[in-house]
Amino acid sequence: MEDEEGPECGKPDFVLLDQVTMEDFMRNLQLRFEKGRIYTYIGEVLVSVNPYQELPLYGPEAIARYQGRELYERPPHLYAVANATYKAMKHRSRDTCIVISGESGAGKTEASKHIMQYIAAVTNPSQRAEVERVKDVLLKSTCVLEAFGNARTNRNHNSSRFGKYMDINFDFKGDPIGGHIHSYLLEKSRVLKQHVGERNFHAFYQLLRGSEDKQLHKLHLERNPAVYNFTRQGAGLNMTVHSALDSDEQSHQAVTEAMRVIGFSPEEVESVHRILAAILHLGNIEFVETEEGGLQKEGVAVAEETLVDHVAELTATPRDLVLRSLLARTVASGGRELIEKGHTAAEASYARDACAKVLWGRHREGSPGGLHGEGQARGSRKQGVPISQAVYQRLFEWVVNRINSVMEARGRDPRRDGKDTVIGVLDIYGFEVFPVNSFEQFCINYCNEKLQQLFIRLILKQEQEEYEREGIAWQSVEYFNNAIIVDLVERPHRGILAVLDEACSSAGTITDRIFLQTLDTHHRHHLHYTSRQLCPTDKTMEFGRDFRIKHYAGDVTYSVEGFIDKNRDFLFQDFKRLLYNSTDPTLRAMWPDGQQDITEVTKRPLTAGTLFKNSMVALVENLASKEPFYVRCIKPNEDKVAGKLDENHCRHQVAYLGLLENVRVRRAGFASRQPYSRFLLRYKMTCEYTWPNHLLGSDKAAVSALLEQHGLQGDVAFGHSKLFIRSPRTLVTLEQSRARLIPIIVLLLQKAWRGTLARWRCRRLRAIYTIMRWFRRHKVRAHLAELQRRFQAARQPPLYGRDLVWPLPPAVLQPFQDTCHALFCRWRARQLVKNIPPSDMAQIKAKVAAMGALQGLRQDWGCRRAWARDYLSSATDNPTASSLFAQRLKTLRDKDGFRAVLFSSHIRKVNRFYKIRNRALLLTDRHLYKLDPDRQYRVMRAVPLEAVTGLSVTSGGDQLVVLHARGQDDLVVCLHRSRPPLDNRIGELVGVLAAHCQG
């Protein structure tokens, strides 16, 4: 078992207790319950305590932890038992079963649900459609059976009022392919009456509270359960207190959906609802005595005949026949003559109730405490089972059979498909002891006696077989054999059931008191039977009413009142014929015995006790043929609250479940046994000869060496494949030694693992960097090769590679490509410049300077034309005054000594008063001149060129220029008189000035 549970959680297996006493057992149970450990082993038997709260113990993650594991590899859990059962079935091809037992409220139903969920989760990995259908039916059937067979009681909010055994068939792959459900002893008397604080079956409240208004109107029902006699008692109670999701409204939808998934047709579901409604209406029918004859010969009439109309409509039967069946019964005389005998009011009420009780389930009757003496209160002893009970019983049987018909394995041929294996799940009621115990408790406790007998016999058988298989000497174990109690109940001719059947079949008036006297006569000297007649001094029993049986779980006093009536359990043939002749096919199918003619002589039907005994014998034989696993459920307290464990209450359950006896049987020889390989796997680190792996001849020799080192060889026995350990102290010693070494081993493993991870990471990083390096080389080579290919024709004039597209470089080559691109641009410029004449170089330099200054700022700056520079000396641009300008230019050259004219042009000057004057602009390599063209180009202003700090132009197409000079006013001019008109000379002015300043 993994170290998920420390010593503070108690012993995970009761076999490991130091002393096997009730006090030690309860102390360990209490400790584990307080620590949230609700599961504990007794060998391979699981003890489960109901926590009355949701615990994080279930779900897909938990299933994965237990799947495929051995029973002791994980802490105790239902999933471990389910896994062990499934493995035994699949790997060894053994039929197996899980027996779940315990009193009402101990968690049997929830345990069976978790087992079914585990089996569904681990099967059908290939998702075969047929297997998935079977799994859905298996899971959904629980929901449907809970609705029709469960009820809220004072001991449990969702108590199963019937016993259930489910066989699940598996194919050779281990996938479920079918199943079959057996039900036992439905508590049909609950239909008529419930104790204070209890409810009728869930289905009634779900129908009333969960149906739509339209459907209720169709069924002639009202939503309030208090309106109906059969549901009035539990009208103010909910199905459960745990969650609002379990309310009757939502449960009705869930049950309807489950029936659809299982395969119930919409018509069948509707018939079920109609039958439930008919039972509720039957419960409200009341009878009054009349003085008139006619149909009501005995002076009985129905108080509200509208209810008869509703029952007739819902059961699809004629109204007059329904009324006749309620008010009278037909009997056949010895000469086959039919006689109609009217009911009294009490007899009619009793017959009415019986009908509702059988439309539901055949095998179980009686609530905790039962309806004691119901037959005597209702009327004469031989008038039959109430019709309300009968209808309900038949409905429950039909639902179970309908589910079985859907789950049945289809088209299986053992010669073709191989032998099918079976897992059985038994969810059966536990031992019951109440202040007043009747026929129901007698049957239930007889059932538990049979199962306890089987339990002890199989446990001892398993132990003995294992000892013989391993070659260990078997020692007989002393235990209480309850065969004497079982024989007291079922012995032919003299047993209690045989005497009861004789009383039911005898002619004349046989009362319960006479039945008790017969028992006293037969069992006067029996060690486990007594009564007040046999023991007059015992005042806990009443004369003529009580007898006591000393069960294995304790003494139980039974009241014989109602034993004979409940054992007869027969129904008037009138009702059977009435419902068999219904036009509703579903209801008709529930009453095949209704087709029998009333004059036909038939054998007496078997009594309820005999039917139950036969079913128990068949069940025990079925379980005995399988490999059993057990789940013993314990109810911690009567208040149904979480975190509380009532020691006295649990002590009683431990006693009647035989758990202490189970521990003693398990420990009679050897407390623990483990295969050698598993023992070494757990304890090999405690011995130098076995850690980390032994070099001895076999695992058995290695185990022997380990035990010798610890000095424990005298407390064990060596089997063929297993080690048998006599004392729990030996395991404790080994566990303590292991616990000391585990932290050291964990640190060693962590160190080794972390080193391994680091080396893996280092190797991966090296590989990554190597791949990256070679990939970069490849990308660089590929890029350079692509550049070489594209620029092979770059030397061809006149474009010199101008139209070539540069390939997208890798990120690592982006700076390299930027540099190459700049070098290429310089080379290309050099190639172009080499072909330009020297006379054009000055113009080229000026244009380059202008482009650097104006590109992106001014769209058109005259770069596409030739720049003449000195436009005032040109006869084209200044035809009338070019000679005058030439004379003035010669005078200024002589005076100022400039070497070259950079630019000249006519302009219009704008002064500070926005006055416009025609002027001329002359720019030389020394001065900037403003000339007056109307006065023979007289100099109006001369500015040294070094004093010019800059010029400003606009981004539009105008010829406006602002010249800035240091220490002088700005000169604002507009170039004009150009040829051709509107020729753009702004760029030329900027270019020549910028080129001169750069030079």
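Think of each chain on its own: its residues are numbered from 1, step by step along the sequence as written. Where local features are concerned, this predicted model is filtered to residues with pLDDT of at least 70; where side-chain atom pairs are given and counted, the filter is 80 or more; whole-chain, interface and lining totals use all residues. Side-chain calculation: all heavy atoms of the structure are included, whereas hydrogens and water are not.

Next up on the list: the packing of aromatic side chains. Here a Phe, Tyr or Trp ring, Trp counted by its six-membered ring, pairs with any other such ring whose centre lies within 6.5 Å, and the pair is stacked when the planes are under 30 degrees apart, edge-to-face when over 60, and tilted otherwise. In this structure the tally under the stated criterion is 27 aromatic pairs. Summarising the aromatic geometry, the rings of Phe885 and Tyr937 are spaced 5.5 Å apart at their centres and angled 75° between planes, so their arrangement reads as edge-to-face. Pair noted here: Phe885 is in helix 31 (residues 882–896) and Tyr937 is in the loop between strand 22 (927–932) and strand 23 (938–944), with a separation of 52 residues, a long-range link. The exposure classification of Phe885 matches that of Tyr937, with both residues buried. Through pairs of rings, three or more aromatic residues link up here, namely Phe439, Phe442, Phe515, Tyr529, Phe547, Tyr558 and Phe563. For the cation-ring pair, Arg402 lies above Phe264, with the distance from its terminal atom to the ring centre recorded as 5.6 Å. Here, a charge over a ring is recorded when the distance from Lys NZ or Arg CZ to the ring centre is within 6 Å and its angle to the ring normal is within 35 degrees. The ring of Tyr580 has Arg588 lying over it, and the distance from NZ or CZ to the ring centre is 4.1 Å. Working definition: helices are DSSP H or I runs of at least four residues, strands are E runs of at least two. Numbering for both runs from the N terminus. Only protein chains enter the calculation, and the probe is 1.4 Å; a residue is then buried if its accessible area is under 20% of its type maximum, exposed if over 50%, and partly exposed in between.

So, on to the packing of helix 11 (residues 319–327) against helix 21 (residues 573–580). Describing two packed helices takes the angle between their axes plus the distance from one axis to the other. Axis definition: a line fitted to C-alpha atoms, over the contacting stretch in the case of helices. Angles run 0 to 180 degrees between N-to-C directions. Helix 21 packs onto helix 11 with a crossing angle of 165° between their chain directions and a minimal axis gap of 9 Å. Regarding the angle of helix 11 to helix 21, the classification is roughly antiparallel. By crossing handedness, the relation of helix 11 to helix 21 is classed as left-handed. Packed against helix 11, whose contacting residues are Leu321, Val322, Ser325 and Leu326, the element helix 21 presents Asp574, Phe575 and Leu578 at the interface. Classification used: nonpolar for Ala, Val, Leu, Ile, Met, Phe, Trp, Tyr, Cys and Pro, charged for Asp, Glu, Lys and Arg, polar for all others including Gly. Residue composition of the contact of helix 11 with helix 21, by class: five nonpolar, one polar and one charged. Should an angle lie under 35 degrees it is considered roughly parallel, over 145 roughly antiparallel, and from 65 to 115 roughly perpendicular; all remaining angles are considered oblique. Should the near helix be turned anticlockwise from the far one by less than a right angle, the crossing is left-handed, and should it be turned clockwise, the crossing is right-handed. Two residues form a contact once any of their heavy atoms are found within 4.5 Å.

So, about the packing of helix 4 (residues 108–122) against helix 5 (residues 129–149). At a minimum axis separation of 9 Å, helix 4 and helix 5 run at an interaxial angle of 165°. Judged on the interaxial angle alone, helix 5 and helix 4 are roughly antiparallel. Here helix 4 runs over helix 5; the crossing is left-handed. Across the interface between the two elements, Thr109, Lys113, Met116, Gln117 and Ala120 from helix 4 touch Lys135, Leu138, Leu139, Thr142 and Glu146 from helix 5. For the contact of helix 4 with helix 5, the residue count by class is four nonpolar, three polar and three charged.

Strand order in the open sheet made by the seven strands is 1-2-16-3-12-6-7, with mixed pairing throughout. Edge positions in the sheet fall to strand 1 (39–42) and strand 7 (176–184), since each of these pairs with one other strand and no more. Ignoring strand direction, the axes of neighbouring strands in this sheet form an average angle of 15°. Relative to strand 2 (residues 45–49), strand 1 runs antiparallel, the two sharing four bridges. Directly across from Thr40, in strand 2, lies its bridge partner Val47. Across the sheet, helix 4 touches strand 3 (96–102), strand 6 (163–170), strand 12 (421–429) and strand 16 (627–634), and the angle it forms with strand 12 is around 165°. Should DSSP find at least two bridges between two strands, the strands are regarded as paired.

The next point concerns the side chain of Lys566. Within the fold, Lys566 resides in helix 20 (residues 563–568). Look at Lys566 and you get buried, because its relative accessible area is 11%. Any pair of N or O atoms that falls within 3.5 Å is considered a polar contact. Within protein, one atom must be able to donate a hydrogen and the other to accept it, and sequence-neighbouring residues count only if both atoms are side-chain atoms. There is a polar contact of 3.3 Å between the side chain of Lys566 and the side chain of Ser438.

UniProt positions are given in the numbering used here, feature names are shortened, and annotations may be inferred rather than shown by experiment. On the UniProt side, "binding site: ATP" (unreviewed entry) is annotated at positions that read Gly102, Glu103, Ser104, Gly105, Ala106, Gly107, Lys108 and Thr109 here. With respect to the helices and strands, Glu103 occurs in the loop between strand 3 and helix 4. Structurally, Ala106 is set in the loop between strand 3 and helix 4. Sequence-distant contacts of Ala106, defined by excluding residues within four places in its chain, comprise Asn50, Cys633, Ile634 and Lys635.

Expected helix span is taken as 1.5 Å per residue step, with the number of steps being one fewer than the number of residues. With 13 residues, helix 32 (residues 986–998) extends 18 Å between its outermost C-alpha atoms, agreeing within 8% with the 18 Å of an ideal straight helix rising 1.5 Å per residue. Among the residues making up helix 32, those that are buried are Ile986, Gly987, Glu988, Leu989, Val990, Gly991, Val992, Leu993 and Ala994. Next to the buried residues of helix 32 lie helix 30 (841–854), strand 20 (901–910), strand 21 (916–924), strand 24 (948–953), strand 25 (960–965) and strand 26 (971–975).

The next thing to look at is the pairing of strand 12. Where a strand is regular, its side chains alternate between the two sheet faces. Most of strand 12 sits inside the fold, with nine of its nine residues counted as buried. Judged from the seven bridges that link them, strand 3 and strand 12 form a sheet pairing that is parallel. Paired with Val99 across the two strands is Leu426, which belongs to strand 12. Pairing geometry for strand 6 and strand 12, over seven bridges, is antiparallel. Of the residues in strand 12, the one forming a bridge with Asp167 is Gly424.

To continue, consider helix 9 (residues 266–284). Relative to the 27 Å expected for 19 residues at 1.5 Å per residue, helix 9 spans 28 Å between its end C-alpha atoms, a close match to the ideal helical length. By the criterion of burial, helix 9 is predominantly enclosed, with 15 of the 19 residues buried.

Spatially, 17-19-18 is the arrangement adopted by the three strands of the open sheet, whose pairing is antiparallel. Unpaired on one side and paired on the other, strand 17 (672–675) and strand 18 (716–718) mark the two borders of the sheet. Sheet twist, expressed as the mean angle between neighbouring strand axes with direction ignored, is 20°. The sheet contact formed by strand 17 and strand 19 (residues 722–725) spans four bridges and is antiparallel. By the bridge assignment, Arg673 is partnered in strand 19 with Phe724. Contacting strand 17, strand 18 and strand 19, helix 26 (residues 676–683) crosses the sheet at an angle of about 95° to strand 17. The strands that helix 27 (residues 699–710) touches are strand 18 and strand 19; relative to strand 18, the one it contacts most, it runs at about 160°.

Attention now moves to the environment of Leu321. Secondary-structure assignment places Leu321 in helix 11. Looking at Leu321, the relative accessible area reads 38%, which means it is partly exposed. As for Leu321 and Arg577, which are separated by 256 residues in sequence, their C-alpha atoms are 10.0 Å apart.

Moving on to the confidence of the model for the chain. This prediction gives the chain a mean pLDDT of 82; 89% of its residues lie at or above 70. As a per-residue quantity, pLDDT reports the predictor's confidence and falls between 0 and 100. Considering only residues more than four positions removed or in separate chains, one finds that residues 241–245, a stretch of pLDDT under 50, has five contacts. Note that residues 293–298 has pLDDT below 50 and, in this model, nine contacts with residues that lie over four places away or in other chains.

Positionally, Arg152 belongs in the loop between strand 4 (150–151) and strand 5 (159–160). Charge assignment: positive for Lys and Arg, negative for Asp and Glu; neither His nor the chain ends contribute. Any carboxyl oxygen of Asp or Glu within 4 Å of a side-chain nitrogen of Lys or Arg constitutes a salt bridge here. Comment: no salt bridge for buried Arg152; closest opposite-charge side chain is Glu198, at 8.7 Å. A polar atom in the side chain of Arg152 sits 3.1 Å from the side chain of His157.

A few words on the nonpolar core. By nonpolar core is meant a set of buried Ala, Val, Leu, Ile, Met, Phe, Trp, Tyr and Cys residues that side-chain atoms within 4.5 Å join together. Grouped together as the largest cluster of nonpolar side chains are 103 residues, with contacts concentrated most on Phe148, Leu221, Leu276, Ile285 and Ile403. No other element matches the 12 residues that helix 14 (residues 387–407) contributes to this core. Core analysis: the second largest hydrophobic core is formed by 76 residues, Phe25, Phe442, Cys447 and Leu454 among them.

What follows deals with a positive patch on the surface. Within this analysis, patches are made of residues with over 30% relative accessible area and no salt bridge. Like charges are joined at 9 Å or less; nonpolar side chains (Val, Leu, Ile, Met, Phe, Trp, Tyr) at 5 Å or less. For the accessible areas, the method is Shrake-Rupley and the probe is 1.4 Å, while residue cover comes only from the protein chains on display. For charged residues, the charge sits on one atom: NZ in Lys, CZ in Arg, CG in Asp, CD in Glu. A contiguous patch of positive charge on the surface is contributed by Arg759, Arg761, Arg763, Arg764 and Arg766. With respect to the helices and strands, Arg766 occurs in helix 28 (residues 728–790).

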